[in-house]
Amino acid sequence: MKVKMQTFPDLYRGLTDCCLKTYSQVGFRGFYKGTSPALIANIAENSVLFMCYGFCQQVVRKVVGLDSQAKLSDLQNATAGSFASAFAALVLCPTELVKCRLQTMYEMESSGKIAASQNTVWSVVKEIFRKDGPLGFYHGLSSTLLREVPGYFLFFGGYELSRSFFASGKSKDELGITALYSGLKPTMIRAFPANAALFLAYEYSRKLMMSQFEAY
């Protein structure tokens, strides 16, 4: 819906209108156009992003003059994540381009801008390559970078700030998910008699109220 409304702002009056028209034109499958390139894009982006994140952390250490094993600040980690996103954009842009083409296929066909045969991932890939060559897959790269670079600065920055907040002055490496479940055993033990008492009170209260109702 997002891609359709952004590509054809004058064609749809809003989200509901876009949903109803998509369903009437293409059916339920229309909501899942571009699923395979979207999945590939997500896997490829995260793989490259986290692979390059460690490398970019080392680059940041060298730039600021830190030892290779030194801990980076939250701001420095955010900067490293932002740099890493630039590499991820190189694999994200081509797959997102194919995804967006597939998602706007019906509108493009209706306007005569593309042939009706271009309705599969492979046909879209072949058409882009035929028309614009390898560089054609990087249409929109600047826009992708404009979104990814500041976006992942906030993404990694927010993650590191959250870790610092929950660590409460301790080392962030000491965090574990188990800390969220401290006191689980007494909570479980309490749950049995507490819920038994709850339903017992409910049943007796219901019977009492029903008897009073019947008396009236």
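Residues numbered from 1 in each chain as written. Predicted model: local features only at pLDDT ≥ 70, side-chain atom pairs only at ≥ 80, totals over all residues. Heavy atoms only, no water.

### Examining a nonpolar patch on the surface
- Together, Phe55, Val59, Val63, Val64, Leu66, Phe87, Leu90 and Tyr138 make up a nonpolar patch on the protein surface, roughly 690 Å² of accessible area in all.
- Among the secondary structure elements, those contributing two or more residues to the nonpolar patch are helix H3 (35–64) and helix H4 (74–103).
- In terms of residues, the nonpolar patch owes the most to one element, H3, which gives four residues.
- Position of Leu66 relative to the elements: it lies in the loop between H3 and H4.
- The class for Leu66 is partly exposed, based on a relative accessible area of 33%. (Patch = residues over 30% accessible without salt bridge, like charges linked within 9 Å, V, L, I, M, F, W, Y side chains within 5 Å. Areas by Shrake-Rupley, 256 points an atom, 1.4 Å probe, with all protein chains shown as cover. Salt bridge = Lys/Arg side-chain N within 4 Å of Asp/Glu carboxyl O. Helix = DSSP H or I, 4+ residues; strand = E, 2+ residues; numbered from the N terminus. Buried < 20%, exposed > 50% of the residue type's maximum accessible area, 1.4 Å probe, protein only.)

### Topic: H4
- Here H4 spans only 38 Å end to end across 30 residues, well under the 44 Å set by a 1.5 Å rise per residue.
- The principal kink in H4, of about 35°, is found at Ala88. (Expected span 1.5 Å × (residues − 1). Bend = angle between axes of the 7 residues up to and from the residue.)

### A closer look at the UniProt feature "repeat: Solcar" (unreviewed entry) in the protein chain
- The positions UniProt marks with the feature "repeat: Solcar" (unreviewed entry) are residues 1–59 and 72–165.
- Secondary structure over residues 1–59 splits into 73% helix and 0% strand, and the C-alpha atoms at its two ends are 39 Å apart. (UniProt positions renumbered as here; feature names shortened; annotations may be inferred.)

### Remarks on the layout of surface pockets
- What the largest pocket holds in volume is close to 460 Å³.
- If you trace the largest pocket, you find 17 residues lining it, with Val3, Glu96, Leu97, Cys100 and His139 closest to the centre.
- Of all the elements in the fold, those that place two or more residues in the lining of the largest pocket are helix H1 (2–7), H4 and helix H7 (141–167).
- At six residues, the largest contribution of residues to the lining of the largest pocket is made by H4. (1 Å grid on protein atoms, 1.4 Å probe; cavity = no way out; pocket = protein on both sides within 12 Å on 5 of 7 lines; lining within 4 Å. Points joined across faces, edges and corners; volume = space filled by probe spheres on them.)

### A closer look at the packing of aromatic side chains
- Throughout the structure, instances matching the rule amount to eight aromatic pairs.
- With a centroid separation of 5.9 Å and an interplanar angle of 65°, the aromatic rings of Phe50 and Phe156 are classed as edge-to-face. Note that Phe50 is positioned in helix H3 and Phe156 in helix H7, a separation of 106 residues in sequence.
- Through pairs of rings, three or more aromatic residues link up here, namely Phe50, Tyr53, Tyr152, Phe155 and Phe156.
- Lying across the ring of Tyr204, Lys207 places its NZ or CZ 6.0 Å from the centre. (Phe/Tyr/Trp six-rings, centres within 6.5 Å; stacked < 30°, edge-to-face > 60°. Lys NZ or Arg CZ within 6 Å of the ring centre and 35° of its normal.)

### Focus: the packing of H3 against H4
- Taken N-terminus to C-terminus, the directions of H3 and H4 make an angle of 160°; their axes are 6 Å apart at the nearest point. Classified by the interaxial angle, the pair formed by H3 and H4 is roughly antiparallel. In this structure, H3 crosses over H4, and the sense of that crossing is right-handed.
- Grouping the constituent residues of the contact of H3 with H4 by class yields 21 nonpolar, six polar and two charged. (Axes fitted to C-alpha atoms, helices over the stretch in contact; angles between N-to-C directions. Parallel < 35°, antiparallel > 145°, perpendicular 65-115°, else oblique. Left-handed = near helix turned anticlockwise from the far one by under 90°. Nonpolar A, V, L, I, M, F, W, Y, C, P; charged D, E, K, R; others polar.)

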